[in-house]
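# Tertiary structure, described
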Amino acid sequence: MKKCVLAVLACTLPCVAAAAPESYTIDPYHTYPYFEVDHLGVSNMRGMFRKTTGKFTIDRAAKTGSVELVVETASIDTGDNEKGNRPRSRDEHLRAADFFNVAEFPQMTFRSTAVKFSGDNPVEVAGNLTLLGVTRPLTLKVERWVCKDNPMNKRPMCGGNASGTLKRSDFGMKYGIPAIGDEVKLYFEIEGYRD
Amino acid sequence: MEGFLGHPAVQAVLAPFAAGLAVAFALAAVRLAGLAVAAGLAAAVALIGGFAFPPVSAQQKVLLLALAAPALGVLADLAFKPARAAGPVLGAIFGLAAVWVAWNFLRQKELAMAVAAGAGLAALAGWTTAAFFALRGEPVRAGAAALAFGFGVGASALLSAAASYGQYGMALGAGAGAFLLAQLAFGRPIAAGATLTLGAGVAGGLLLVGTVLGAQLPWYAALALSLVPLAVRLPLPRAGLWAQTLLAGLYGGIVAALACLLSWPGVQERLGL
């Protein structure tokens, strides 16, 4: 009987281990949030944040996961960093109090509250976005998710793309509405290595 | 105990009454027993929702204070005769208010830096408040100072990448321009009082604080702008309201224009600032 129990335990242990959540640390060189906002009703202006850190966990067996991203808002880049003959560049204006107010609120964070799975992969991440000190719910749709070993360094990694939409006025960023759109589309490119 | 304090009747009546009673007995001797009402309300706030309000940004604080200051000015003009110490006291109060405005910035800095920056910003807002308040009995100088200061703050904020602060500053200048024009239309000085001077001095000073913190206005440009209420004290002709207004506006305008030049990045680079 004792041998039987040990045999069952021996068989179960690998399954338990496989079901444990795996933790990943964001690769800052392959994780960037991008945004898109209407400009004067003429074009969609795009920009990105160059510095993002964070972690995520995934448990494919239990179909649970979590993600926490910290974005340095001063790293905003819309391709207009040189002021030339103008007093200030657009990125300088975006860093000032009218928009991201980076001196007062240097970070934007996203913390998940629930992750939906379809099969083995996450398809939707619900969470809270904190911007300008204001926290509001935000749901990200995961458009692509892959876990595999990096073909170069052979380290296990996961990553993909996700997107969501927010109204910047919900966070108190009201300057320039409606000439500069209220609705902002967010696109995330995320990769992380297993800890 | 938690259940007891969570009872709506305790929160709404019993605890506020106890707090009010304590304050009334404690402060009756110094004629402040009336604070019992505020103590009752404070007790209810503490028990019902707490004092942890959602974060207020520096700009929201500036606007709250900028709108409260003229209301205080109306009270001072219509209900009280300001004492001799009123200017410095108001300066100290709004100087402390500047520290409140800057709090989110200051708490991210090291202590020594935070103390130095907080003191500098408090001095700036305190000075503009007191300097403008001192002009309350001189409507031409007060109006001209508010005009130059408002447009100066507005233009320098725009040059520092803070468009909304810039627009608010210009709005101050536009309001002051309307006051001056009304004065010229009447053909005689009209009362500026604490209503105008607190409105301009506090709002303009705190807009400067906000622009230094939240945008790229250099401290020396803010300092130069704070000299506007001093500049309008230069001699004016004894007669002729138009001449007085134009000359006072010119005094303030020259200082404001110099400050705006200092806010221009190209000038800063040339001067090696």
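Conventions we followed
Residues numbered from 1 in each chain as written. Chains lettered and ligands numbered in written order. Predicted model: local features only at pLDDT ≥ 70, side-chain atom pairs only at ≥ 80, totals over all residues. Helix = DSSP H or I, 4+ residues; strand = E, 2+ residues; numbered from the N terminus. Rg over C-alpha atoms; globule rule 2.2 N^0.38 Å. Buried ≥ 20, exposed ≤ 12 C-beta atoms within 10 Å, placed from the backbone. Contact = placed C-beta atoms within 7 Å. Nonpolar A, V, L, I, M, F, W, Y, C, P; charged D, E, K, R; others polar. Axes fitted to C-alpha atoms, helices over the stretch in contact; angles between N-to-C directions. Parallel < 35°, antiparallel > 145°, perpendicular 65-115°, else oblique. Left-handed = near helix turned anticlockwise from the far one by under 90°. Pairing = 2+ DSSP bridges. pLDDT = per-residue confidence, 0-100. Expected span 1.5 Å × (residues − 1).

Per the secondary structure count, chain A includes 2 helices and 11 strands. The C-alpha atoms of chain A give 21 Å as radius of gyration, which overshoots the globular expectation for 195 residues (16 Å, by more than 25%). By its C-alpha atoms, chain A is 85 × 35 × 30 Å across when sized along the principal axes. Here chain A, with 195 residues, has 27% of them falling under the buried criterion.

What follows concerns the overall build of chain B. Helix and strand counts for chain B stand at 14 helices and 0 strands. The helix and strand sequence of chain B, counted from the amino end, reads α-α-α-α-α-α-α-α-α-α-α-α-α-α. With respect to the three principal axes, the spread of C-alpha positions in chain B is 70 × 45 × 25 Å. Within chain B, buried positions represent 48% of all 273 residues. Expressed as a percentage of contacts within chain B between residues at least 6 apart in sequence, the contacts between residues at least 24 apart total 78%.

Where the parts come together, the accessible area they lose is often given as the size of the interface. Contacts between the two partners involve 19 residues from chain B and, on the opposite side, 15 residues from chain A. For the side of chain B that touches chain A, a count of residues per class yields 12 nonpolar, 7 polar and no charged.

With that settled, consider the packing of helix α9 (residues 163-186) of chain B against helix α13 (residues 241-263) of chain B. All names here are of chain B. It is at 10 Å that the axes of α9 and α13 come closest, and there the two elements cross at 160°. Of the possible angle classes, the one that applies to α9 and α13 is roughly antiparallel. The handedness of the crossing between α9 and α13 comes out as left-handed. Contacts between α9 and α13 pair L180, Q183 and L184 from the former with L241, W242 and T245 from the latter. A breakdown of the residues in the contact of α9 with α13 according to their chemical character gives 4 nonpolar, 2 polar and no charged.

This paragraph deals with the pairing of strand β5 (residues 64-72) of chain A. All names here are of chain A. Burial along β5 is one-sided: the face carrying G65, V67, L69 and V71 is buried and the face carrying T64, S66, E68, V70 and E72 is not. Strand direction decides the pairing type here: strand β4 (residues 52-59) and β5, joined by 8 bridges, are antiparallel. The partner of T53 across the bridge, within β5, is V70. Where β4 folds back onto β5 in an antiparallel hairpin, the turn is made up of 4 residues, including K63, whose phi is positive at roughly 55°. Two elements, β5 and strand β7 (residues 107-118), share 5 bridges in a ladder whose sense is antiparallel.

Turning to the confidence of the model for chain B, a few remarks are in order. Residues and elements named next belong to chain B. Summarising the model, chain B shows a mean pLDDT of 91, and 99% of its residues fall at 70 or more. Ranking the elements of chain B by mean pLDDT puts helix α14 (residues 265-271) last, at 77, and helix α12 (residues 228-231) first, at 97. Scored by ipTM, the complex comes to 0.76, with pTM at 0.82.

Counted at 1.5 Å a residue, the expected span for helix α8 (residues 139-159) of chain B with its 21 residues is 30 Å, and the 30 Å between its end C-alpha atoms agrees. For α8(B), a buried count of 21 out of 21 residues is recorded, marking the element as mostly surrounded by other parts of the structure.

The next point concerns the packing of helix α4 (residues 58-79) of chain B against helix α5 (residues 86-101) of chain B. Packed helix pairs are characterised by how far apart their axes lie and by the angle those axes make with each other. Residue and element names in this part refer to chain B. At their nearest, the axes of α4 and α5 sit 9 Å apart, and the two run at 155° to each other. Classified by the interaxial angle, the pair formed by α4 and α5 is roughly antiparallel. On α5, the residues that touch A58, K61, V62 and L65 of α4 are A97, W100 and V101. Of the residues in the contact of α4 with α5, the class split is 6 nonpolar, no polar and 1 charged.

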